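Geometric and topological summary
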Amino acid sequence: MALGRSLKIIFAGLCGLAAGMVLFFPWNAAAEYAASRIAASASEKNIFISFRDIYTEGFADREFIYRGIKADMPAVSVKISEARVDPKIIRSLISSSKMGTLSLGSGEITTATRQKLKWSSGTANIRYDGENLYIEDLTLAGDISAKGFINISTETGKIVTSDITARFPHEFDRALEMLSKMQVLPLTRSDSGEWRISR
């Protein structure tokens with residue numbers, strides 16, 4: 001009986017410790033650190049990323065929220081109103097890889113010729129094993145729509161494997177054909193306005 005009471009006390013103490021860690025862990029600082037690491041890594045590849053607001057929401061299942069995201073690249077610029085990342089903390093702790101979900105708000109891509117591609121929303125499952133970033137079950141909806149997956153080497157920033165079917169407005173066909181010929185992206189055309197990114 002004394003042993004049972006001791007176990008209850010130990011269990012209650014462990015629950016209190018876990019709750020204290022969740023409550024007092026510097027989640028906002030962790031979200032800002034993740035953003036700074038992403039920006040630093042991208043800048044090495046001539047991609048310059050900035051965030052207007054960074055904060056977290058939730059209790060045990062925290063979401064990292066990034067608003068007013070801008071990414072400037074040599075040929076295009078990207079704006080995203082909001083990105084929410086749920087790092088699936090508990091599942092990641094018991095797994096050999098880090099995993100989570102990504103939800104995108106509206107956004108747009110502006111080309112060097114000032115053409116704009118817009119989407120209204122997007123979702124994906126994300127996973128990182130120390131070498132590659134896996135973006136799975138990707139969906140985008142809007143003027144540009146896409147479904148599929150893409151795996152990227154975090155060391156080189158290059159696509160390792162991918163299979164995405166995307167639909168663009170017809171006026172972008174020539175620009176996409178140029179990107180395909182320049183081998184910037186592994187693009188192939190299936191129907192007018194529909195493209196496949198596969199490797």
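Residues numbered from 1 in each chain as written. Predicted model: local features only at pLDDT ≥ 70, side-chain atom pairs only at ≥ 80, totals over all residues. Heavy atoms only, no water.

1. Quick notes on the overall build of the protein
- If you tally the helices and strands in the protein, you get four helices and 12 strands.
- A total of 199 residues make up the protein; the buried ones form 29% of that total.
- For the protein, the proportion of contacts with a sequence separation of at least 24, taken over those separated by at least 6, is 35%. (Helix = DSSP H or I, 4+ residues; strand = E, 2+ residues; numbered from the N terminus. Buried < 20%, exposed > 50% of the residue type's maximum accessible area, 1.4 Å probe, protein only. Contact = heavy atoms within 4.5 Å.)

2. Quick notes on the pairing of strand 10 (residues 159-167)
- The pairing of strand 9 (residues 145-153) with strand 10 spans eight bridges and is antiparallel. Within the sheet, the bridge partner assigned to Phe149 lies in strand 10 and is Asp163.
- Two successive antiparallel strands, strand 9 and strand 10, enclose a turn made up of five residues, where Gly157 displays a positive phi of approximately 75°.
- With five bridges connecting them, strand 10 and strand 12 (residues 194-198) associate as antiparallel partners. Note on strand 12: the bridge partner recorded for Ala166 is Trp195. (Pairing = 2+ DSSP bridges.)

3. Here's the deal with the pairing of strand 3 (residues 63-72)
- Alignment of strand 1 (residues 48-50) against strand 3, held across three bridges, turns out to be antiparallel. Paired with Ile49 across the strands is Ala71, a residue of strand 3.
- Pairing between strand 2 (residues 53-57) and strand 3: five bridges, direction antiparallel. Among the inter-strand pairings, Asp53 is bridged to a residue of strand 3, identified as Arg67.

4. Topic: unusual backbone geometry
- A positive phi is found at Asp137, a non-glycine position, where the angle reads about 50°.
- Note on placement: Asp137 falls in strand 8 (residues 132-142).
- With a relative accessible area of 55%, Asp137 lands in the exposed category.

5. Quick word on the nonpolar core
- The biggest cluster of nonpolar side chains holds 29 residues, and the ones touching the most others in it are Tyr66, Ile80, Leu104, Trp119, Ile164, Phe168 and Leu176.
- Counting residues per element, the ones that place at least two in this core are helix 2 (27-43), strand 3, strand 4 (76-86), strand 7 (116-128), strand 8, strand 9, strand 10 and strand 12.
- Filtering out sequence-adjacent residues up to four positions away, Leu104 remains in contact with Ile80, Glu82, Ala83, Trp119, Ser121, Gly122 and Leu140. (Core = buried A, V, L, I, M, F, W, Y, C linked by side-chain atoms within 4.5 Å.)

6. Here's the deal with the confidence of the model for the protein
- The predicted model of the protein averages 76 in pLDDT, with 77% of residues at 70 or higher.
- Segment residues 1-24 is flagged for pLDDT under 50; beyond a separation of four residues in sequence, or across chains, it makes six contacts in the model. (pLDDT = per-residue confidence, 0-100.)

7. What to know about the side chain of Ser153
- With respect to the helices and strands, the residue Ser153 is situated in strand 9.
- Sequence-distant contacts of Ser153, that is, excluding residues within four places in its chain, are made with Glu131, Asn132, Lys158 and Val160.

8. Focus: the packing of aromatic side chains
- According to the stated counting rule, one finds one aromatic pair in the structure shown.
- When the centroid spacing of 5.4 Å and the interplanar angle of 50° are considered together, the rings of Phe51 and Tyr66 count as tilted. Taken together, the positions of Phe51 in the loop between strand 1 and strand 2 and Tyr66 in strand 3 put the pair 15 residues apart, joining distant regions of the chain.
- Phe51 sits in the partly exposed class, given a relative accessible area of 25%. (Phe/Tyr/Trp six-rings, centres within 6.5 Å; stacked < 30°, edge-to-face > 60°.)

9. With respect to the pattern of salt bridges
- Following the criterion strictly, the structure yields eight salt bridges and no others.
- Salt-bridge contacts for Arg67 lead to Glu82; the nearest nitrogen and oxygen are separated by 2.5 Å. Residue Arg67 is found in strand 3, and its partner Glu82 is found in strand 4; the two are separated by 15 residues along the sequence.
- Judged by relative accessible area, which is 29%, Arg67 ranks as partly exposed.
- With its nearest N and O atoms 2.7 Å apart, the salt bridge here joins Arg167 to Glu194. (Salt bridge = Lys/Arg side-chain N within 4 Å of Asp/Glu carboxyl O.)

10. Examining the environment of Pro169
- Its place among the elements puts Pro169 in the loop between strand 10 and helix 4 (173-181).
- Spatially, the C-alpha atoms of Pro169 and Glu194 are 8.8 Å apart, while their sequence positions differ by 25 residues.

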